[in-house]
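So you can see what is in the structure, the chains are spelled out below.
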Amino acid sequence: MNLLILTLLSLLCSLLETPNFEAQTIDANVSIGYGVVVGDVDGDGKPDLILADQKQFVWYRNGDWKRFILAENLTDRDNVCIAARDLDGDGKVEIAVGAQWNPGETGDETSSGSIHYLIRPEDPTQLWTPVKLPHEPTVHRMYWVKTGESDFQLVVLPLHGRGNKGGEGAGVKVIGYEFPKDPRSNWKTQLIDESMHLTHNMTARPVGIGNGESIFIAGKEGVKSFSHQNGAWSATLNKESVIANQSVGELSLADFSDYGMLLAGIEPMHGNQVTLYLGNEGEAETDLPRRMLLDEGLKEGHGIVTGDFLGNGTIQIVAGWRIPNASGEYGIKLYNPQDDSYTSFDNHWIDQNGMATESLTAADLNGDGKLDIIAAGRASGNLKVYWNRN
């Protein structure tokens, strides 16, 4: 009898730890789905989905998920990235976009890269007005970053340095655009860094320096971090690198009481490995000496997020890839630590062969206090929400 009870308890615990996500297709006709972000577009208090697709920037209204076009055909070539954040506190996001995606042309800014700020119309379901900003070639990612109590910059990350060939040559110019009171006026810029070559993605978070956030950039040389204080950008805590000599394509950060900070990554760029870096208790947040390999079965990994999706008090990693691997599989997996030492992980499918992941993010879309997963697929041509039923 005791053995039966123990067996049932073990089975119950196993079931409780098995992720339960319900997939909903929001759009089955996505062209590429370069980037999906979340933000309240119409000011109704509910987060909407905003997508950079091949020739259109669109948003989907939370609730009925009706699709509206923000802007289209801004350049001759593909769109590639989008940034959305409420900068002025009115409950509605400001939006910037990147287009003219031409990664093979690293020198000519007229045929590679573009940045536009989109001015909101009175009715956000109508077309927004683009304002063109100066740029570097191969614009690839952008992020609104808080630099003070009420100050923000649009941090723009090209894929290559100007004239760069094969990851060699000039460094990538990471540039911050100060958000002005009048978006139609000139935007002041600051050069953040040009020491990295062949960068791929970035994120931002506060690390206790100044009144804003620090940025973390992933690329050929690893991960570097920069903070804005006293009106200028500099290396966070004067560290040369957060992760050195390790090509990193995607990254996500989470806070820890014991470890300071968790950094999850996909290595190398467009790579096959899901990795985890942990600081040790008592060390600075940017010290991440311990590297763990969680998976090496991806092919062209292209999205990673972190959070307590299961509500068990630990941080899980969710990663997606876009090309069938050696087993012919692609999609999204969740990696769950077996205990709070973060030394071993279980992995579970969120979407098996139904999402050729191009872009991945997470947010609480329905206000139930649980993180939902959102992904856009290239080869699968779709946009999905995975509702958290855990």
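On a predicted model such as this, the values are computed, not experimentally measured, just so you know.

**Digging into the overall build of the protein**
Thought 1: Helix and strand content of the protein: one helix and 29 strands.
Thought 2: At 21 Å, the protein has a C-alpha radius of gyration in line with the 21 Å of a compact globule built from 390 residues.
Thought 3: Across its three principal directions, the C-alpha atoms of the protein cover 75 × 45 × 45 Å.
Thought 4: For the protein, with 390 residues in total, the buried portion stands at 56%.
Thought 5: Of all intrachain contacts in the protein linking residues separated by at least 6 positions in sequence, the fraction that spans at least 24 positions is 48%.
Thought 6: Accessible surface, the protein: about 16100 Å² in total, of which carbon and sulfur atoms supply 46%.
Thought 7: Side-chain charges of the protein comprise 31 positive and 53 negative groups, with the mean position of each set lying 5 Å from the other.

**Comments concerning the environment of Asn272**
Thought 1: Residue placement: Asn272 occurs in the loop between β20 (260-267) and β21 (273-278).
Thought 2: Among all residues touching Asn272, those that are not within four sequence positions of it are Glu267, Asp295, Glu296, Gly297 and Leu298.

**With respect to the packing of aromatic side chains**
Thought 1: This model, assessed by the stated rule, comprises eleven aromatic pairs.
Thought 2: Put simply, the rings of Tyr117, Trp144, Phe179 and Trp187 pair up and form one aromatic cluster.
Thought 3: Positioned above the aromatic ring of Trp349 is the side chain of Lys333, whose terminal nitrogen or guanidinium carbon lies 4.8 Å from the ring centre.

**A closer look at the nonpolar core**
Thought 1: Ile115, Met142, Trp144, Leu154, Val156 and Tyr177 are the most contacted members of the largest nonpolar core, which totals 23 residues.
Thought 2: Listed by contribution, the elements that provide at least two residues to this core are β6 (81-85), β8 (114-119), β9 (129-133), β10 (139-146), β11 (152-158) and β12 (174-178).
Thought 3: Once residues lying within four places of it in the same chain are set aside, the contact partners of Val156 are Ile115, Val139, Arg141, Met142, Lys173, Val174, Ile175, Tyr177 and Met202.
Thought 4: Phe256, Ala319, Tyr330 and Tyr335 belong to the second-largest nonpolar core, a separate cluster that totals 21 residues.

**A closer look at unusual backbone geometry**
Thought 1: Residue Pro268 follows Glu267 across a cis peptide bond; omega there is -20°.
Thought 2: When you line up the elements, Pro268 lands in the loop between β20 and β21.
Thought 3: Positioned with a positive phi, Asn353 is a non-glycine residue whose angle comes to about 70°.
Thought 4: Relative to the elements of secondary structure, Asn353 occurs in the loop between β26 (345-352) and β27 (357-363).

**Things to note about the side chain of Ser214**
Thought 1: Within the secondary structure layout, Ser214 lies in strand β15 (residues 214-219).
Thought 2: For Ser214, a relative accessible area of 1% puts it in the buried group.
Thought 3: Polar contacts involving the side chain of Ser214 include one to the side chain of Ser227, which spans 2.4 Å.
Thought 4: When neighbours within four sequence positions are excluded, Ser214 is seen to be in contact with Thr203, Ala204, Arg205, Pro206, Val207, Ser225, Phe226, Ser227 and Thr236.

**Some words on the pattern of salt bridges**
Thought 1: Counting across every chain of the model gives 13 salt bridges.
Thought 2: In this structure, Asp64 and Arg61 form a salt bridge, with 2.6 Å as the shortest nitrogen-oxygen distance.
Thought 3: Connected through salt bridges with shared partners, the residues Glu300, Arg322, Glu358 and Arg378 form a single ionic network.

**Re the sheet that holds strand β7 (residues 94-99)**
Thought 1: Strand order across the open sheet formed by four strands is β6-β7-β8-β9, with antiparallel pairing between neighbours. The open sheet is flanked by β6 and β9, the only strands paired with a single partner. Put simply, the sheet's adjacent strands are angled 25° from each other on average, direction ignored.
Thought 2: Pairing of β8 with β9, which is carried by five bridges, proceeds in the antiparallel orientation.

**So, the sheet that holds β11**
Thought 1: With antiparallel pairing, the four strands of this open sheet are ordered in space as β10-β11-β12-β13. The sheet terminates laterally at β10 and β13 (189-193), the two strands that pair on one side only. Strand-to-strand twist across the sheet, computed as the mean angle between neighbouring axes with direction ignored, equals 25°.
Thought 2: In this structure, β10 lies alongside β11, joined through seven bridges in antiparallel fashion. Pairing of Lys146 across the sheet is with Phe152, part of β11.

**Brief notes about the confidence of the model for the protein**
Reading predicted coordinates in detail is not appropriate for stretches of low pLDDT.
Thought 1: In the predicted model, the protein carries a mean pLDDT of 92, and 92% of its residues have values of at least 70.
Thought 2: Predicted confidence for residues 6-15 stays below pLDDT 50, and this span has zero contacts to residues more than four positions away or in other chains.

**Notes on the environment of Val172**
Thought 1: Following the sequence through the fold, Val172 ends up in the loop between β11 and β12.
Thought 2: Along the sequence, Val172 and Phe68 sit 104 residues apart, while their C-alpha atoms lie 34 Å from each other.
Thought 3: Those residues in contact with Val172 that sit more than four places away from it in its chain are Leu157, Pro158, Leu159, His160, Gly161, Asp193, Glu194, Met196, His197, Leu198 and Thr199.

**Structural notes on the side chain of Thr203**
Thought 1: Tracing the sequence through the fold places Thr203 in strand β14 (residues 199-205).
Thought 2: For Thr203, the side chain forms a polar contact with the side chain of Tyr143, separated by 3.5 Å.
Thought 3: In this view, Thr203 contacts Tyr143, Ser214, Ile215, Phe216, Leu251 and Leu253; residues no more than four positions away in its chain are not counted.

**So, the pairing of strand β23 (residues 301-307)**
Thought 1: Of all the seven residues making up β23, seven are buried; the element is thus mostly covered by neighbouring parts of the structure.
Thought 2: Pairing analysis gives six bridges linking β23 to strand β24 (residues 316-321), with the strands arranged antiparallel. Counterpart to Thr306 in the pairing with β24 is Ile317.

Criteria and cut-off values
- Residues numbered from 1 in each chain as written.
- Predicted model: local features only at pLDDT ≥ 70, side-chain atom pairs only at ≥ 80, totals over all residues.
- Heavy atoms only, no water.
- Helix = DSSP H or I, 4+ residues; strand = E, 2+ residues; numbered from the N terminus.
- Rg over C-alpha atoms; globule rule 2.2 N^0.38 Å.
- Buried < 20%, exposed > 50% of the residue type's maximum accessible area, 1.4 Å probe, protein only.
- Contact = heavy atoms within 4.5 Å.
- Areas by Shrake-Rupley, 256 points an atom, 1.4 Å probe, with all protein chains shown as cover.
- Lys, Arg positive; Asp, Glu negative; His and termini not counted.
- Charge placed at Lys NZ, Arg CZ, Asp CG, Glu CD.
- Phe/Tyr/Trp six-rings, centres within 6.5 Å; stacked < 30°, edge-to-face > 60°.
- Lys NZ or Arg CZ within 6 Å of the ring centre and 35° of its normal.
- Core = buried A, V, L, I, M, F, W, Y, C linked by side-chain atoms within 4.5 Å.
- Polar contact = N/O pair within 3.5 Å; in protein donor to acceptor, adjacent residues only side chain to side chain.
- Salt bridge = Lys/Arg side-chain N within 4 Å of Asp/Glu carboxyl O.
- Pairing = 2+ DSSP bridges.
- Axes fitted to C-alpha atoms, helices over the stretch in contact; angles between N-to-C directions.
- pLDDT = per-residue confidence, 0-100.

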